[in-house]
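Residue strings, one per chain:
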Amino acid sequence: MFGEKDNGLIRSTNETYGGSFHADLLEQYKLYVQSAENVSTRRVASSRYLLTLNAALVAMYGFQYAVPAQSYWTVLIPVIGLPVSLLWYLIIKSHADLNRVKFGVIHEFEQHLPAAMYKYEWQLADHGQGKSYRAITTIERWIPILFAVLHMGLGIVVTLSLVGISS
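Note that the structure is predicted; figures quoted are calculated from it, not measured. (Residues numbered from 1 in each chain as written. Predicted model: local features only at pLDDT ≥ 70, side-chain atom pairs only at ≥ 80, totals over all residues. Heavy atoms only, no water.)

Outline the layout of surface pockets, listing residues and values.
By volume, the largest pocket amounts to about 580 Å³. In terms of lining, the largest pocket is formed by 21 residues, of which the most central are Asn-99, Phe-103, Trp-122, Tyr-133 and Ala-135. Those elements that provide at least two residues to the lining of the largest pocket are helix H2 (21-66), helix H3 (76-110), helix H4 (117-124) and helix H5 (136-140). A per-element tally of the lining of the largest pocket places H3 first, with six residues. Across the lining of the largest pocket, the residue classes tally to eight nonpolar, nine polar and four charged. Surrounding the second largest pocket, Leu-9, Ile-10, Arg-11, Ser-12, Tyr-17, Phe-21, Asp-24, Leu-25, Gln-28 and Phe-109 form its lining. Top contributing element to the lining of the second largest pocket by residue count: H2, with four residues. Residues that form the lining of the second largest pocket fall into these classes: six nonpolar, two polar and two charged. (1 Å grid on protein atoms, 1.4 Å probe; cavity = no way out; pocket = protein on both sides within 12 Å on 5 of 7 lines; lining within 4 Å. Points joined across faces, edges and corners; volume = space filled by probe spheres on them. Helix = DSSP H or I, 4+ residues; strand = E, 2+ residues; numbered from the N terminus. Nonpolar A, V, L, I, M, F, W, Y, C, P; charged D, E, K, R; others polar.)

Describe in detail the pattern of salt bridges, supporting the description with residues and values.
One pass over the structure, following the stated rule, counts three salt bridges. A salt bridge links Glu-140 to Arg-43; the shortest N-O distance between them is 2.7 Å. Taken together, the residues span a long stretch of sequence, with Glu-140 in helix H5 and Arg-43 in helix H2 at a distance of 97 residues. Each member of the pair Glu-140 and Arg-43 is classed as buried. One salt bridge connects Lys-93 with Asp-97, and the closest N-O pair in it is separated by 2.9 Å. With a gap of four residues between them, Lys-93 and Asp-97 both fall in helix H3, about one helical turn apart. In the salt-bridge network here, residues are joined through shared partners; they are Lys-93, Asp-97 and Arg-100. (Salt bridge = Lys/Arg side-chain N within 4 Å of Asp/Glu carboxyl O. Buried < 20%, exposed > 50% of the residue type's maximum accessible area, 1.4 Å probe, protein only.)

Which residues make up H4, and what values go with them?
A small share of H4 lies buried, amounting to zero of its eight residues. Taken from the residues just after H4, Asp-126 is the one with a positive phi, measuring 55 degrees.

Account for the side chain of Glu-110, naming residues and giving values.
Looking at where Glu-110 falls in the secondary structure, it is placed in helix H3. Side-chain polar atoms of Glu-110 contact the side chain of Tyr-29, separated by 2.7 Å. With near-sequence residues (within four places) excluded, Glu-110 lies in contact with Tyr-29, Ala-115, Ala-116, Met-117, Tyr-118 and Lys-119. (Polar contact = N/O pair within 3.5 Å; in protein donor to acceptor, adjacent residues only side chain to side chain. Contact = heavy atoms within 4.5 Å.)

Talk me through the nonpolar core; I want residue IDs and the actual numbers.
Core analysis: the largest hydrophobic core is formed by eight residues, namely Phe-21, Leu-25, Tyr-29, Val-33, Ala-36, Ile-106, Phe-109 and Leu-113. Mapped onto this core, the elements with two or more residues apiece are H2 and H3. Residues within four places of Ile-106 in sequence aside, it is in contact with Tyr-29, Tyr-32, Val-33, Ala-36 and Tyr-118. (Core = buried A, V, L, I, M, F, W, Y, C linked by side-chain atoms within 4.5 Å.)

Here's what the structure looks like:
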């Protein structure tokens, strides 16, 4: 495989492949579309997990005020929360980048099919930049950013309250 010239997406023709070329091409297209949908499913699952983790960390700030004595362990919450929020942001970005590539392949696949539904849909959606559709990852990326800001703000409050108690 190494050293071979890359011939693009479609490496055979109906003549060189055989009689099941069109059926196999359609089947590969279906499998690939499913793999793109799986990326979105994984993104949702990881976002759900990281949202739960961030919400639990924020809830821990509340426990500090329920306990009569301030404790220094609460300073660890933003130390954990900020990297978790950054990781979440990077995971969303990674999934978005992978899906962008996958849909590029799907659009190229569709050049060999009778209809190009995904490409046409993307054109109607103004490539995710129009008024009719805003790409979900564009919106979704704000959630970990807001959690990071919340962790920083609450971390400052906790630190100031601990410094105030010490003096």
